[in-house]
Amino acid sequence: MGHGAALLVLFFLVALPARGESPGQELRDVERAMEKGLGRKATLEKKADALAKNIRTIRKGMISAARNAQEREENVSSLESRLGGLEAKLSERRRALQQKHNQFGNVFAALERLALVPQEAVLVLPTRSIDTVRSIQLIRYAIPKIESKAGALRRELAIFSSLRAEIGRRQDDLVDETRALSKERKQLGRLLSRKQSL
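Residues numbered from 1 in each chain as written. Predicted model: local features only at pLDDT ≥ 70, side-chain atom pairs only at ≥ 80, totals over all residues. Heavy atoms only, no water.

S.K.: Mind laying out the overall build of the protein chain, listing which residues take part and the relevant values?
M.R.: Scanning the protein chain for helices and strands turns up four helices and zero strands. Secondary structure elements in the protein chain, listed N-terminal to C-terminal, are α-α-α-α. Of all 198 residues assigned to the protein chain, the portion counted as buried reaches 14%. Sequence-distant contacts in the protein chain: of pairs separated by 6 or more residues, those separated by 24 or more amount to 89%. Carbon together with sulfur atoms contributes 58% to the accessible area of the protein chain, which is approximately 15600 Å² in total. (Helix = DSSP H or I, 4+ residues; strand = E, 2+ residues; numbered from the N terminus. Buried < 20%, exposed > 50% of the residue type's maximum accessible area, 1.4 Å probe, protein only. Contact = heavy atoms within 4.5 Å. Areas by Shrake-Rupley, 256 points an atom, 1.4 Å probe, with all protein chains shown as cover.)

So, in structure tokens, the structure goes:
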């Protein structure tokens, strides 16, 4: 044995009787302390594993919530863009309808004035008979054109109505997506708070 080991054995021999404990008792105390330390180590390892698992779960949830929030933001942006385009089309159609309304108003006012003149009075009007014949022919020629334009106006009104309905649907979609985005952001905030509290 070396000098260091001999001194250590001598120290224990001198120290043990002074404390009043037998070497067997001290050995059992050391063994119990080691068992306690091992038990505490195992408990701490379990807690560390559980904490790591919890952090991984939270991280996965945060990644998923962030991805969902990003998709919702893209959907909201896309819906806002489409809605802007639809509203521009609607405004354009509204102007076109107003213009056609004014044109038809003038044509119908002229036809109404002609309709108010009795047929017999047409023959005695102070106009030349050739002008009367031309007016009648013009009316005969204009009526199919007016009916055609009225059909086009009906189609334009249907498109206008369809655009308004689509705008209403897109606005509802936008409200739904905005609510879903808000929900995802709150979920992300809860997960972040939970992670920070660990």
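Continuing now.
S.K.: An account of the side chain of Glu184 is requested, with residue identities and associated values reported.
M.R.: Here Glu184 shows up in helix 4 (residues 129-197). Within the buried set, Glu184 has no salt-bridge partner at all; the shortest N-O distance to an opposite charge, 4.9 Å, is to Arg72. Aside from chain neighbours lying at most four places away, what touches Glu184 is Ala65, Asn68, Ala69 and Arg72. (Lys, Arg positive; Asp, Glu negative; His and termini not counted. Salt bridge = Lys/Arg side-chain N within 4 Å of Asp/Glu carboxyl O.)

S.K.: Describe the nonpolar core, with residues and values.
M.R.: Among the nonpolar cores identified, the biggest contains 15 residues, and Leu90, Ile167 and Leu174 are the most heavily contacted of them. When neighbours within four sequence positions are excluded, Leu90 is seen to be in contact with Phe160, Leu163, Arg164 and Ile167. (Core = buried A, V, L, I, M, F, W, Y, C linked by side-chain atoms within 4.5 Å.)

S.K.: Could you give me a rundown of the environment of Ala152, with the residues and numbers involved?
M.R.: Along the chain, Ala152 turns up in helix 4. Look at Ala152 and you get partly exposed, because its relative accessible area is 26%. In this structure the C-alpha to C-alpha distance between Ala152 and Lys100, which are 52 residues apart in sequence, comes to 10.0 Å.

S.K.: Tell me about the side chain of Glu177, and please be specific about residues and values.
M.R.: Within the secondary structure, Glu177 sits in helix 4. Note on Glu177: relative accessible area 15%, which makes it buried.

S.K.: So what about the pattern of salt bridges? Which residues, and what values?
M.R.: With the rule as written, the count across this model stands at five salt bridges. A salt bridge links Arg185 to Glu73, with the nearest nitrogen and oxygen atoms 2.7 Å apart. Linking Arg185 in helix 4 with Glu73 in helix 2 (residues 23-116), this pair joins segments that are 112 residues apart in sequence. By relative accessible area, Glu73 is classed as partly exposed at 35%. Two residues, Glu166 and Arg170, come together in a salt bridge whose shortest N-O distance is 3.6 Å. Taken together, the residues span about one helical turn, with Glu166 and Arg170 both in helix 4 at a distance of four residues. Sharing partners across several salt bridges, the network here consists of Glu166, Arg170 and Asp173.

S.K.: Please provide a residue-by-residue account of a positive patch on the surface, values included.
M.R.: A surface patch of like charges, here positive, comprises Lys53, Arg56, Arg59, Lys60 and Lys195. Ranked by residue count, the leading element in the positive patch is helix 2, at four residues. Tracing the backbone shows Arg59 in helix 2. (Patch = residues over 30% accessible without salt bridge, like charges linked within 9 Å, V, L, I, M, F, W, Y side chains within 5 Å. Charge placed at Lys NZ, Arg CZ, Asp CG, Glu CD.)

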